[in-house]
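Examination of the molecular architecture
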Amino acid sequence: MRVLFIQHDHVSPVGAIGDRFAAHGFDVEELLVVPEDRFHDPAVSVAFPDPAEYDALVPMGAPWSVYDHATIGAWVLEELTFLRRAHESGVPILGICFGGQAVAAALGGSVVRAEQSEIGWYSVDTDDADLVDAGPWFEWHHDRWVAPPGARVLARTPAAEQAFVVGRTLAVQFHPELTPSMLDGWLANGGRQYIEAHGLDVEELRARTAREAPAAEERSRALVDAFLARVATAPPVGSARPA
């Protein structure tokens, strides 16, 4: 079995999510969209593979906006087509933050600027705690999705929907893969200035992340387990459900 992680930038490793897929017997492959030397000029050309070559896809987070075609239109429109083809072909997709927003846009929803950014650790109101735990989960986003037609919204905060499922696709707005070292990578890559501009305490966020890390890793493993057991095995879109 093969799973493809779509890493949109160079400071977002697959973390515990990748480890859990590997524990389930998947060969973990990674596609880096924007290499380090193009981070500040991300209009790169990307050749997305045939999604049918994979047994699961995990589009991950990114510091850009799905709708910012002036900046990332060179590849984001291709990615939306890739995700749509995968979904329609029955390839399971776990979309994370930007990846979840991209899934929403690919399947007929949209992505808009949120009225309120969410940065840090948040509990979510969940309708299905066995699939999407209440958390807390790590959030870092200033956009939100409008869920696509037919999606079942599973979780939310006052600022944004946090999870939806449709067919074999699960999208989450938070970052289940986040680790303290990953956060430090984001901070060193311009995130510190972003957080300070939002009036947050960087060292307090780092300390909270260190405290949450063990339990957050357990939740991330449970999320992958439930995704593979319940979402990835669901009838694909367009198939008839048994009576």
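Please read all numbers here as calculations on a predicted model, not as lab measurements.

A few points about the pairing of strand β1 (residues 2-7)
Of all six residues in β1, five are buried; the element is thus mostly enclosed. Judged from the six bridges that link them, β1 and strand β2 (residues 27-32) form a sheet pairing that is parallel. Residue pairing in the sheet places Phe5 in a bridge with Glu30 of β2. In terms of handedness, the path from β1 via helix α1 (residues 15-23) over to β2 forms a crossover that is right-handed.

Some points on helix α4 (residues 180-197)
In a regular helix each residue adds 1.5 Å, so 18 residues correspond to 26 Å; α4 covers only 21 Å between its end C-alpha atoms and thus falls short of that length. Along α4, the sharpest change in direction is near 85° and occurs at Gly190. Looking only at α4, the buried set comprises Met182, Leu183, Trp186, Leu187, Gly191 and Ile195. Taken together, the buried residues of α4 touch α1, β5 (110-122), β7 (137-146) and α5 (202-231). Positive backbone phi, approximately 75°, marks Gly199, located one or two places after α4.

Here we look at the packing of aromatic side chains
Describing an aromatic ring pair means giving the distance of the ring centres and the angle of the ring planes. All chains considered together, the criterion is met by 14 aromatic pairs. Summarising the aromatic geometry, the rings of Phe21 and Phe26 are spaced 5.3 Å apart at their centres and angled 80° between planes, so their arrangement reads as edge-to-face. Just as Phe21 is buried, Phe26 falls in that class too. Aromatic side chains Trp75 and Phe98 sit 6.2 Å apart centroid to centroid with 50° between the ring planes, which places their arrangement in the tilted category. Linking Trp75 in helix α2 (residues 69-88) with Phe98 in helix α3 (residues 98-106), this pair joins segments that are 23 residues apart in sequence. Using a relative accessible area of 0% as the deciding quantity, one classes Trp75 as buried.

Rules behind the numbers
Residues numbered from 1 in each chain as written. Predicted model: local features only at pLDDT ≥ 70, side-chain atom pairs only at ≥ 80, totals over all residues. Heavy atoms only, no water. Buried < 20%, exposed > 50% of the residue type's maximum accessible area, 1.4 Å probe, protein only. Helix = DSSP H or I, 4+ residues; strand = E, 2+ residues; numbered from the N terminus. Pairing = 2+ DSSP bridges. Right-handed = clockwise from strand over helix to strand, strands pointing away. Expected span 1.5 Å × (residues − 1). Bend = angle between axes of the 7 residues up to and from the residue. Contact = heavy atoms within 4.5 Å. Phe/Tyr/Trp six-rings, centres within 6.5 Å; stacked < 30°, edge-to-face > 60°.

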